Amino acid sequence: MSSAELSVFIRAIGVHTPERKLMNADLAAMVDTSDEWIKTRSGISERRIAGAGENPSDMGAKAANQALGRAKVAAADVDLLIVATMTPDVPFPSTACLLQAKLGLRRDIPCFDVSAACSGFVYALQVAKDMMRGGAYRRALVVGAEKLSSVVDWSDRTTCVLFGDGAGAALLETTATPDVGLLGNILGADGSNAELLHCAAGGSAAPATAESLREGRHFLRMNGKEVFRHAVRVMAESCERVLAKCGVRSEQVAWFIPHQANIRILEAVASQLNVGMERFPSNLGRYGNTSAASIPLALEEAWKDGKIRHGDLVLIVAFGAGLTWGATLLRWHEPTR
Ligand code: UT7
């Protein structure tokens, strides 16, 4: 078999979420909101909040070490590291470089970040797959790690109730077994709608100043209603497109693992696809929207709960700031069975 035919599959997955829980009742004491409003409008009950020394590279290291431990793979055997994050530890260097040092990975490997907000994990998986399937890289870590609590305006009730912190890591590996792992993918973006979900200051176009800080321009801002509308349409379309590309019908998919943004978005996507919510496992209630970490967190939970099994078709789908979106169909593969 030529190296061009290699399959790339998720060998193991690991996660980490901070200990501290922020409950809806805590938020109701901070802004004009209620447990009932948050639960009904978003499906979220609680979220995790990282502490001062608990940055995306720290959470990512814990998640990646769990994945490596589960696969019994040494850090020295990792050939590529990609981190998906919209809340990097610092503007530069990349969170991937900071994580490389924390994990003790080799120095002769590429380590870089992918910036695609909530779609980051799906983007990074595809980048890794395309780099690996030619055979140059045998094992890759793809990590989604976010500390959204550091960019949320805690006085803005329209956003602060939605987001949380956490990390998830997938250890990818190549195999000569055909038709397993990451089968097909679609990615897309629409920069003309960038302002729907963005952070206006803190980059090189508008460096942090006393004025920008006073005006709160370094916080995440979102037009929730518009983002909601785009999210439902694009996530449903992305699922349909990737299924058509792979020649698979939605009935054949065992599990849909969408980005966890709002339970009503998940319900609307499931309804458009004519799929029951029992095939859309969700942990949104406990973690809120963790952006690039949300899919690996939900995927790991569905695997650990014994839902996802060897041979299952799993469709992951994401949507986020950019706007960006992506969907990947994969066949779950456990070579050691
Ligand atoms: O990760 C990908 C990006 N993010 C998303 O996908 C999120 C997409 N958007 C959403 O999930 C929803 O639009 C929200 C949860 C953000 C908002 O839900 P909604 O049903 O679209 O509510 P709304 O924005 O239309 O607001 C309804 C009302 C408004 O009051 P008025 O104008 O009707 O008097 C808001 O001011 O609810 C008010 N409101 C709140 N009330 C209590 C907004 N936020 C809150 C709040 N607590 N936290």
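In the block above lies the structure referred to throughout.
This is a predicted model, so every value here is computed, not measured. In this convention, every chain numbers its residues from 1, walking through the sequence in written order. Given that this is a predicted model, residues contribute local features only at a pLDDT of at least 70 and side-chain atom pairs are listed and counted only at 80 or more, while totals for whole chains, interfaces and linings are drawn from all residues. Working from all heavy atoms in the structure, the side-chain values ignore hydrogens and water.

Q: Could you clarify how one ought to interpret the site of the ligand in this entry?
A: Summary of the distance rule: residues count as near a molecule or strand when at least one heavy atom falls within 4 Å of that molecule or strand. In the vicinity of the ligand there are 22 residues, among which Thr33, Arg157, Lys225, Asn262 and Asn289 approach most closely. Between an oxygen atom of the ligand and a side-chain N or O atom of asparagine 262, the distance comes to 2.7 Å. In the environment of the ligand, an oxygen atom lies 2.7 Å from a nitrogen or oxygen atom belonging to the side chain of asparagine 289. Bound to the protein, the ligand loses 75% of the 960 Å² it would expose on its own. Put simply, DSSP marks the helices as runs of H or I at least four residues long and the strands as runs of E at least two long, and each gets a number from the N terminus on. For the shell around the ligand, the elements supplying multiple residues, two or more each, are helix 2 (35–42), helix 6 (157–160), helix 8 (224–246) and helix 9 (263–273). Polar contact is defined as a pair of N or O atoms within 3.5 Å, subject to the rule that within protein one atom must be able to donate a hydrogen and the other to accept it, and that residues adjacent in sequence are counted only when both atoms are side-chain atoms. Residue burial considers only the protein chains on display, and all accessible areas are found by Shrake-Rupley using a 1.4 Å probe.

Q: Would you take a moment to explain the sheet that holds strand 13 (residues 324–331) for this structure?
A: Backbone hydrogen bonds are what pair the strands of a sheet, in a parallel or an antiparallel way. We call two strands paired when DSSP finds no fewer than two bridges between them. Strand order across the open sheet formed by 4 strands is 8-13-12-11, with mixed pairing between neighbours. Two strands in the sheet have a free side with no partner beyond their single neighbour: strand 8 (181–189) and strand 11 (255–258). Adjacent strand axes in the sheet meet at a mean angle of 15° when their direction is disregarded. One ladder, built from 8 bridges, connects strand 12 (residues 313–320) with strand 13; its direction is antiparallel. Bridge assignment links valine 314 to a residue of strand 13, and that residue is leucine 330. Packed onto the sheet, helix 8 meets strand 8, strand 11, strand 12 and strand 13 and runs at close to 145° relative to strand 12. Note on geometry: axes are lines fitted to C-alpha atoms, helical ones only across the stretch in contact, with angles between N-to-C directions running from 0 to 180 degrees. Residues count as neighbours in contact if any of their non-hydrogen atoms are within 4.5 Å of one another.

Q: What is the right way to look at the sheet that holds strand 4 (residues 80–84) in this model?
A: Read across the open sheet, the 5 strands follow the order 1-7-6-4-5; overall the sheet is mixed. The two strands at the open ends of the sheet, each matched to only one other strand, are strand 1 (7–16) and strand 5 (111–114). Between one strand axis and the next, the sheet turns through 20° on average, direction left out of account. As paired elements, strand 6 (residues 139–147) and strand 7 (residues 165–175) share 9 bridges and run antiparallel to each other. Within strand 7, the residue paired with lysine 147 across the bridge is aspartate 165. Here helix 3 (residues 56–71) sits on the sheet and contacts strand 1, strand 6 and strand 7; the angle it forms with strand 1, its principal contact strand, is near 125°.

Q: Whenever I open this one, the pairing of strand 6 confuses me. Can you help?
A: Remember that side chains alternate between the two faces of the sheet whenever the strand is regular. The element strand 6 is largely enclosed, with a buried count of 9 among its 9 residues. Each residue's exposure class comes from its accessible area (1.4 Å probe, protein chains only) as a fraction of the maximum for that residue type: buried when under 20%, exposed when over 50%, partly exposed otherwise. Alternating positions in strand 6 separate into two faces, Arg139, Leu141, Val143, Ala145 and Lys147 on one and Ala140, Val142, Gly144 and Glu146 on the other, with burial throughout. Where strand 4 and strand 6 come together, 5 bridges link them in parallel fashion. Opposite valine 83, over in strand 6, you have valine 143 as the bridge partner.

Q: How do you make sense of the pairing of strand 11 when you look at a structure like this?
A: Covered by surrounding structure in strand 11 are Trp255 and Ile257 together with Phe256 and Pro258, the residues of both alternating faces. Looking at chain direction, strand 11 and strand 12 are connected through 4 bridges and run parallel. Following the sheet pairing, tryptophan 255 is matched in strand 12 by valine 314.

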